[in-house]
Amino acid sequence: RPRVLSGIQPTADSFHLGNYLGALREWVTMQQRYECFFSVVDLHAITVEQDPELLRQRTRLSAAQLLALGIDPDRSALFVQSHVPEHAQLSWVLECLTGFGEAGRMTQFKDKSARQEADHVSVGLFTYPVLQAADILLYQADAVPVGEDQRQHLELTRNLAQRFNSRYGNTFTVPDAHIPGDTAKIYDLQDPGSKMSKSVPSGVIELMEEPKRSAKKIRSAVTDTGREIRYDTEGKPGVSNLLAIYSALTDKSIADLESEFDGRGYGDLKKELGEVVVEFVTPFQEQVRGYLDDPAQLDKILHRGAQKAREVSAETLRNVFDRVGFVAPG
Ligand code: ATP
Ligand code: MG
């Protein structure tokens, strides 16, 4: 079976609809056809300041949410990134192959660093995409299911794999991005010009928040002037975002929704979408609580995941160290 690797940061108390529709939903279905490695990437999380106790809590909370969404730990390796030391080790080697200017062109770094004072922007935030490349290349992944916002990082990963392969001989599989079409990017409900994001929580639907609160956020989503319910990302970004979410959560096509809501107002669309979201998150939250009620069992699942991951990552790293000319340890 071809391999898949993907990760998610434990940087919030909850995943949001963008994470789910842009990436996690795809993780769940890919388990059927791929050998999957899914990671809660705590090393990435500390590229911006984190409270240690919160980080620990959120790492378990993230794993519980992944299990509740349908990640099957018997089928896939579900692990915490810091449990597998090869990630940081390979990252160093790849950093030494990355151009400074090349890393500086990453738009996510530019966006995230622009939101902080220069002295608070860490070198880790700058090299984050290289660690991400290491995450992927360690497992010789063929495909990486991510949202649209990760396309540029994936391109860097491919370049680094090719560069290493041509300098040291064929070592890494060059991975393809696996980006779902319609829901690759979910936008902020209060600001449909920017992506829904954990780090800018305004119009964000969190899977773990009180369902009534989600419904209320949807009712007060920014929509466009005019009254027609039509999918038009240029002219009607707000309404189009709501339609994309509705369609993804119900498997009704956007065209079907357009005719269903023909002649009706924005208020109707928002009210119904609110109900759809409540129906999705209510049973999900119950399942998450089930996993959190048994932290020992949860840690056991993660331990097993890390063991599975290391079987692959340790071999790749050994090979890499050998190729770059490091003396084998005794
Ligand atoms: P942060 O703002 O801290 O980077 P995030 O919301 O971007 O958080 P990540 O953990 O970085 O979340 O990303 C997890 C996955 O979710 C990635 O595959 C990413 O592409 C996807 N993703 C994140 N935001 C969106 C979005 N608005 N629409 C679609 N996919 C998204
Ligand atoms: Mg992100």
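No experiment lies behind these values; they were computed from the predicted model shown.

1. Some thoughts on the site of ligand 1
Near ligand 1 there are 21 residues, and of these Lys112, Asp149, Lys195, Ser197 and Ser199 occur at the shortest range. The separation between an oxygen atom of ligand 1 and a polar side-chain atom of Asp149 is 2.5 Å. Contact distances for ligand 1 include 2.5 Å between an oxygen atom and a side-chain N or O atom of Lys195. Protein contact buries 97% of the 600 Å² of open area that ligand 1 shows by itself. Per-class residue counts for the shell around ligand 1 are six nonpolar, 10 polar and five charged.

2. A word on the environment of His120
By secondary structure assignment, the location of His120 is in the loop between α6 (107-114) and α7 (123-137). On the basis of relative accessibility, which here comes to 55%, the residue His120 falls in the exposed class.

3. Regarding the packing of helix α3 (residues 52-69) against helix α12 (residues 266-292)
It is at 8 Å that the axes of α3 and α12 come closest, and there the two elements cross at 125°. In terms of orientation, α3 lies oblique with respect to α12. The two elements α3 and α12 meet at a crossing, and its hand is right-handed. The residues of α12 that touch α3, namely those facing Arg60, Leu61, Ala64, Gln65, Leu67, Ala68 and Leu69, are Phe280, Phe284, Gln287, Val288, Tyr291 and Leu292. Residues that form the contact of α3 with α12 fall into these classes: 10 nonpolar, two polar and one charged.

4. Overview of the packing of helix α9 (residues 211-219) against α12
Interhelical geometry of α9 versus α12 gives an angle of 155° and a closest axis separation of 8 Å. In terms of axis orientation, α9 runs roughly antiparallel to α12. Note that α9 runs across α12; the crossing there is right-handed. Residue-level contacts link Pro211, Ser214, Ala215, Ile218 and Arg219 of α9 to Lys270, Leu273, Gly274, Val277, Val278, Val281, Thr282 and Gln285 of α12. Considered class by class, the residues forming the contact of α9 with α12 number seven nonpolar, four polar and two charged.

5. Some details on the side chain of Gln9
Inspection of the secondary structure assignment puts Gln9 in the loop between β1 (3-8) and α1 (17-30). By relative accessible area, which is 14% here, Gln9 ends up buried. Discounting residues that sit within four places of it in the chain, Gln9 has contacts with Phe15, Val41, His44, Ala45, Ser62, Lys112, Tyr128 and Lys198.

6. Brief notes about the UniProt feature "binding site: L-tryptophan" (unreviewed entry) in the chain
Those places that UniProt annotates as "binding site: L-tryptophan" (unreviewed entry) correspond, in this numbering, to Asp135. With respect to the helices and strands, Asp135 occurs in helix α7. Aside from chain neighbours lying at most four places away, what touches Asp135 is Leu5, Val41, His44, Gln81 and His87. A polar contact of 2.8 Å, which involves the side chain of Asp135, links it to the side chain of His87.

7. Here's the deal with empty space enclosed by the protein
Evaluated as defined, the whole model comprises one cavity of 30 Å³ or more. Each pocket or cavity is described by its volume, and for the largest cavity that value is around 40 Å³. Forming the boundary of the largest cavity are Gln108, Phe109, Lys112, Leu125, Tyr128, Pro129 and His153. Taken together, the residues that form the lining of the largest cavity break down as four nonpolar, two polar and one charged.

What counts, and at which threshold
Residues numbered from 1 in each chain as written. Chains lettered and ligands numbered in written order. Predicted model: local features only at pLDDT ≥ 70, side-chain atom pairs only at ≥ 80, totals over all residues. Heavy atoms only, no water. Near = heavy atom within 4 Å. Polar contact = N/O pair within 3.5 Å; in protein donor to acceptor, adjacent residues only side chain to side chain. Areas by Shrake-Rupley, 256 points an atom, 1.4 Å probe, with all protein chains shown as cover. Nonpolar A, V, L, I, M, F, W, Y, C, P; charged D, E, K, R; others polar. Helix = DSSP H or I, 4+ residues; strand = E, 2+ residues; numbered from the N terminus. Buried < 20%, exposed > 50% of the residue type's maximum accessible area, 1.4 Å probe, protein only. Axes fitted to C-alpha atoms, helices over the stretch in contact; angles between N-to-C directions. Parallel < 35°, antiparallel > 145°, perpendicular 65-115°, else oblique. Left-handed = near helix turned anticlockwise from the far one by under 90°. Contact = heavy atoms within 4.5 Å. UniProt positions renumbered as here; feature names shortened; annotations may be inferred. 1 Å grid on protein atoms, 1.4 Å probe; cavity = no way out; pocket = protein on both sides within 12 Å on 5 of 7 lines; lining within 4 Å. Points joined across faces, edges and corners; volume = space filled by probe spheres on them.

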